[in-house]
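One letter stands for each residue in the lines below.
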Amino acid sequence: STQETTPQICVVGSGPAGFYTAQHLLKHPQAHVDIYEKQPVPFGLVRFGVAPDHPEVKNVINTFTQTAHCGRCAFWGNVEVGRDVTVPELREAYHAVVLSYGAEDHRALEIPGEELPGVCSARAFVGWYNGLPENQELKPDLSCDTAVILGQGNVALDVARILLTPPEHLEKTDITKAALDVLRQSRVKTVWLVGRRGPLQVAFTIKELREMIQLPGTRPILDPVDFLGLQDRLKEVPRPRKRLTELLLRTAMEKPGPEEAARRASASRAWGLRFFRSPQQVLPSPDGRGAAGVRLAVTRLEGVGEATRAVPTGAMEDLPCGLVLSSIGYKSRPIDPSVPFDSKLGVIPNVEGRVTDVPGLYCSGWVKRGPTGVIATTMTDSFLTGQMLLQDLKAGLLPSGPRPGSAAIQALLSSRGVQPVSFSDWEKLDAEEVARGQGTGRPREKLVDPQEMLHLLGH
Ligand code: FAD
């Protein structure tokens, strides 16, 4: 019967990797794809990472919604794999399992003072303003005038931009109300973004930099000394990096026109890039109850190209601040003892998405490649994983005979008292959020309490 030939596949995680992998797998005319997600709501970092003032990036949600509406696809939210159900249980119930659970941890600074109040990860800060349930207690203290962000990537720029954007410009976004209230009271006037290496090694991209340079009410602080001699090296630099460096150079070295000069002169807030500085310690305030600054080792570069390394010169410098945000990267966690994990690289070892030495197990997205790359990169790599899985299916490399799929897992979950959230449940929550935003002209007012969400669904 057709029942017997239905490939039952499940995907763990409903971020871009989960949804794009599912989209590709559904090209198989019979395949059934279940997506398990630990949050009661779908879309991963598209909902909880992407900055609230970049709504256009979230349009991918429309594509994911189409995928979820396919009759052979189901969403099971509020199910944490590794806790509510194990990977071996999933492998027993399905012909194949794809792990797309992203990178839920942050890389620690591993320096003294990291645990002080006033120090937090950019990941937690982003989760806080985007409504990630586990970060709603963060309540960052923005009563200081200077914040230091350790890191010079796009996440660091997102955080700096949210800290410095005039709050009235955030009012029409889906930032949480609680975050907006705290940002309205903020006294932060200056934000430093600190990097161990130089202008040629920054990890952010030109669009995000341009947005920062043009941020209303804010002026850039770049030290021309950091850019000396860079002009002559531009020809050796690959194209996207070259355009980015030219923009940095112009901003640092050129005298602005009268209009821009007036804009900068009247700006009440500022941001700057501090290059060649490696954090050594977070300095405590005199009462020990907060951060008073960051001790930085001055560095210089050794080596060329990709191998360029920052080495300390021996000089030290203290940068006073009341808030320290570490933005040196996300990190994946191992999900289950039965799944191989490379803790050094923070990824599941794999060849083109096939988990090494575990037939029938696949991975995609950040947990496959490491926590870098935009949604488009994640899409390409997820389609590739989907392709490998379908090839293996065709070649008869996956278990033969019928598999029970979600029926078996639902029985397990129900015996454990876990109540999954379906995609139509999510659509009810979505409608509720949109309705709550309407009165105030916001695209939505995010629900941030899982208990309230489940209550609204009558669970
Ligand atoms: P994720 O999006 O993290 O999805 C993983 C999902 O798995 C999550 O929903 C998580 O809850 C779930 N999960 C985790 N553990 C379990 C478990 N045990 N059981 C079940 N489910 C689980 N890219 C852009 O193109 N434009 C941007 O503007 C942009 N902004 C970004 C801003 C930030 C702060 C960050 C961190 C990233 C940004 N990116 C942006 C990059 C983009 O978000 C990633 O490329 C993409 O989200 C990676 O997809 P993923 O599915 O691998 O991971």
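Right above here is the structure, for reference.
As the structure is a prediction and not an experimental result, all values here were calculated from the model.

Draft legend 1. Fine view of the overall build of the protein. When you go through the protein residue by residue, the secondary structure sums to 17 helices and 18 strands. Its C-alpha atoms give the protein a radius of gyration of 24 Å, within 12% of the compact-globule value 23 Å for 459 residues. In terms of overall dimensions, the protein has a C-alpha envelope of 75 × 55 × 45 Å along the principal axes. For the protein, with 459 residues in total, the buried portion stands at 53%.

Draft legend 2. Molecular detail of the site of the ligand. Of all residues adjacent to the ligand, which total 33 residues, the nearest are Ala17, Glu37, Val81, Trp366 and Gly373. For the ligand, the accessible surface in isolation is 1,000 Å², of which the surrounding protein chains cover 92%. Of all elements in the fold, only α2 (16–25), α7 (154–164) and α14 (375–394) reach the threshold of two or more residues within the shell around the ligand. Partitioned by chemical class, the residues of the shell around the ligand number 17 nonpolar, eleven polar and five charged.

Draft legend 3. Fine view of the sheet that holds strand β13 (residues 309–320). Reading across from one edge, β11-β12-β13 is the order of the three strands in this open sheet, with antiparallel pairing throughout. The open sheet has two free edges, formed respectively by β11 (277–284) and β13, since each of these has just one partner strand. In this sheet, neighbouring strand axes are inclined to one another by 20° on average, regardless of whether the strands run parallel or antiparallel. Looking at chain direction, strand β12 (residues 291–302) and β13 are connected through nine bridges and run antiparallel. In the strand pairing of β13, leucine 301 is matched with alanine 310.

Draft legend 4. How the structure looks around the packing of aromatic side chains. Inspection of the entire model under this criterion finds 14 aromatic pairs. Where phenylalanine 43 meets tryptophan 426, the ring centres are 5.8 Å apart and the plane angle is 85°; that geometry is what we call edge-to-face. With a gap of 383 residues between them, phenylalanine 43 in the loop between β2 (32–36) and α3 (45–48) and tryptophan 426 in helix α16 (residues 423–438) connect regions that are remote in the sequence. For tryptophan 426, a relative accessible area of 5% puts it in the buried group. An aromatic cluster is defined as three or more aromatic residues linked by ring pairs; in this entry it consists of Phe19, Tyr20, Phe43, Phe64, Phe75, Phe383, Phe423 and Trp426.

Draft legend 5. A look at the packing of α7 against helix α9 (residues 206–213). Following both chains from N to C, one finds α7 and α9 inclined at 20°, their axes separated by 10 Å at the closest point. Relative to α9, the element α7 is oriented roughly parallel. Crossing of α7 against α9: the hand is left-handed. Residues Asn154, Leu157, Ala160, Arg161 and Leu164 of α7 pack against Glu208, Leu209, Glu211 and Met212 of α9. Taken together, the residues of the contact of α7 with α9 sort by class into five nonpolar, one polar and three charged.

Draft legend 6. Representation of the pattern of salt bridges. Inspection of every chain in the model, using the stated rule, returns 33 salt bridges. Arginine 416 serves as the salt-bridge partner of glutamate 89, at 2.7 Å between the closest nitrogen and oxygen. With glutamate 89 in helix α5 (residues 87–93) and arginine 416 in the loop between α15 (406–415) and α16, this pair connects stretches of sequence that are 327 residues apart. For arginine 416, a relative accessible area of 38% gives the class partly exposed. Taking the shortest distance from any N to any O, the salt bridge between glutamate 260 and arginine 264 comes out at 2.7 Å. Of the two residues, glutamate 260 and arginine 264 both sit in helix α12 (residues 258–266), four residues apart, roughly one turn of that helix.

Draft legend 7. Broad picture of the side chain of serine 278. Following the sequence through the fold, serine 278 ends up in strand β11. For serine 278, a relative accessible area of 14% gives the class buried. When neighbours within four sequence positions are excluded, serine 278 is seen to be in contact with Arg196, Arg295, Leu296, Ala297 and Thr299.

Thresholds applied
- Residues numbered from 1 in each chain as written.
- Predicted model: local features only at pLDDT ≥ 70, side-chain atom pairs only at ≥ 80, totals over all residues.
- Heavy atoms only, no water.
- Helix = DSSP H or I, 4+ residues; strand = E, 2+ residues; numbered from the N terminus.
- Rg over C-alpha atoms; globule rule 2.2 N^0.38 Å.
- Buried < 20%, exposed > 50% of the residue type's maximum accessible area, 1.4 Å probe, protein only.
- Near = heavy atom within 4 Å.
- Areas by Shrake-Rupley, 256 points an atom, 1.4 Å probe, with all protein chains shown as cover.
- Nonpolar A, V, L, I, M, F, W, Y, C, P; charged D, E, K, R; others polar.
- Pairing = 2+ DSSP bridges.
- Axes fitted to C-alpha atoms, helices over the stretch in contact; angles between N-to-C directions.
- Phe/Tyr/Trp six-rings, centres within 6.5 Å; stacked < 30°, edge-to-face > 60°.
- Parallel < 35°, antiparallel > 145°, perpendicular 65-115°, else oblique.
- Left-handed = near helix turned anticlockwise from the far one by under 90°.
- Contact = heavy atoms within 4.5 Å.
- Salt bridge = Lys/Arg side-chain N within 4 Å of Asp/Glu carboxyl O.

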